[in-house]
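Commentary on secondary and tertiary structure
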Amino acid sequence: MAVVIADPIEYRSYCLQYKEKGFSIGFVPTMGALHKGHLELVKRARRENDLCAVSIFVNPTQFDDQKDLNEYPDHFDDDLKKLESFDIDCVFAPYPSAMYPRDYNFRVTESQLSKKLCGQYRIGHFDGVLSVVLKLLNLSQADRAYFGEKDYQQYLLIKDMVEAFFLNTEIVPVGIIREESGLAMSSRNQRLSTNGLTKAARLYFHLNESVRNNSSAKEVIQNLLGEGFEVQYVEDFENRRFAAVFLEGVRLIDNVSL
Ligand code: PAF
């Protein structure tokens with residue numbers, strides 16, 4: 001049974017005592033509403049480290065839209081149940097006031113990649129992500145931290161931040177876990193209707209087809225618009241094709257290797 005800790009300082013002491021005994025620490029940061037994608041990260045962290053910690057914290061500073069924050073699914077008890085069979089050691093579940101004791105006066109800002117792709121549309125989003133991840137990595141003293149490739153831009157930014165600030169954590173990317181339909185698993189999928197779930201799989205279908213047929217990002221946009229998606233962007237960056245769309249008011253992202 002995992003120990004559940006809410007207080008950041010207590011969590012840091014907990015991790016530190018194992019660190020001092022020579023344990024390696026694997027850490028999986030999440031915002032809860034856990035799905036198979038998260039659980040894959042947890043499996044890896046469990047397998048590759050002596051101590052395995054998972055955080056559940058809906059980070060308010062990374063939401064550019066208050067409505068999106070309010071609607072973010074909260075299934076804390078369910079999440080704890082899902083984690084039970086993974087033999088993890090600790091769940092860190094802090095309150096926002098504890099994670100931001102000085103409000104949001106101190107933050108990490110990245111000035112290049114965070115302004116591209118999703119960053120063009122979600123102003124301040126990556127500052128919020130980087131700020132909270134820096135706090136979480138500092139508290140966890142993690143040897144390895146695990147991030148899903150669905151949020152590939154986030155993974156790149158965190159990897160670069162760790163290098164820029166000389167942090168002692170290896171950032172481990174884990175491939176996208178998909179539904180049978182091809183839809184990338186995401187906590188936001190829970191907000192789609194049954195029809196929406198079927199239709200959402202077309203995002204991956206078109207991305208995948210475009211790679212197979214060597215067609216352009218523009219053609220993917222045309223296909224998605226034709227099927228009634230509201231397209232925010234489809235763009236190529238560093239040998240990947242990234243997309244963000246809205247369906248039934250839910251923002252979905254995906255990416256494929258080119
Ligand atoms: O990917 C997420 O769920 C979040 O952005 C993260 C990394 C847990 C930071 O809040």
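Residues numbered from 1 in each chain as written. Predicted model: local features only at pLDDT ≥ 70, side-chain atom pairs only at ≥ 80, totals over all residues. Heavy atoms only, no water.

Ranked by internal contacts, the top residues of the largest apolar core, which has 44 residues, are Tyr11, Phe27, Met99, Val133, Ile158 and Ile171. The dominant element in this core, judged by the number of residues it contributes, is helix H6 (residues 125-140), at nine residues. Excluding residues that lie within four positions of it along the chain, Ile171 makes contacts with Leu137, Ala145, Phe147, Tyr155, Ile158, Lys159 and Val162. Counting residues in each nonpolar core, the second largest holds 18 residues, with Leu203, Ala217, Phe229 and Val250 among its members. (Core = buried A, V, L, I, M, F, W, Y, C linked by side-chain atoms within 4.5 Å. Buried < 20%, exposed > 50% of the residue type's maximum accessible area, 1.4 Å probe, protein only. Helix = DSSP H or I, 4+ residues; strand = E, 2+ residues; numbered from the N terminus. Contact = heavy atoms within 4.5 Å.)

So, about the environment of His38. Mapped onto the elements of the fold, His38 is located in helix H2 (residues 36-48). Remark: the alpha-carbon pair of His38 and Gln120, spanning 82 residues in sequence, is separated by 26 Å. With near-sequence residues (within four places) excluded, His38 lies in contact with Thr30, Gly32, Ala33 and Ser187.

Now for the environment of Asp65. Relative to the elements of secondary structure, Asp65 occurs in the loop between strand S3 (51-56) and helix H3 (66-71). Sequence separation between Asp65 and Arg122 is 57 residues, and the spatial gap between their C-alpha atoms is 8.4 Å. Side-chain polar atoms of Asp65 contact the backbone nitrogen of Lys67, separated by 3.0 Å. (Polar contact = N/O pair within 3.5 Å; in protein donor to acceptor, adjacent residues only side chain to side chain.)

We now examine H2. An ideal rise of 1.5 Å per residue puts 18 Å on 13 residues; H2 measures up with 18 Å between its terminal C-alpha atoms. The complete set of buried residues in H2 reads Gly37, His38, Leu39, Leu41, Val42, Ala45 and Arg46. (Expected span 1.5 Å × (residues − 1).)

Quick look at the packing of H6 against helix H7 (residues 152-164) now. Any two packed helices are characterised by the angle at which their axes cross and by the distance between the axes. For the pair H6 and H7, interaxial distance at closest approach is 10 Å and the crossing angle is 50°. The orientation of H6 with respect to H7, classified from their angle, is oblique. Taken as a pair, H6 and H7 cross one another with a handedness that is right-handed. Residues Phe126, Val129, Leu130, Val133, Leu134 and Leu137 of H6 pack against Gln153, Gln154, Leu157, Ile158, Met161 and Val162 of H7. Partitioned by chemical class, the residues of the contact of H6 with H7 number ten nonpolar, two polar and no charged. (Axes fitted to C-alpha atoms, helices over the stretch in contact; angles between N-to-C directions. Parallel < 35°, antiparallel > 145°, perpendicular 65-115°, else oblique. Left-handed = near helix turned anticlockwise from the far one by under 90°. Nonpolar A, V, L, I, M, F, W, Y, C, P; charged D, E, K, R; others polar.)

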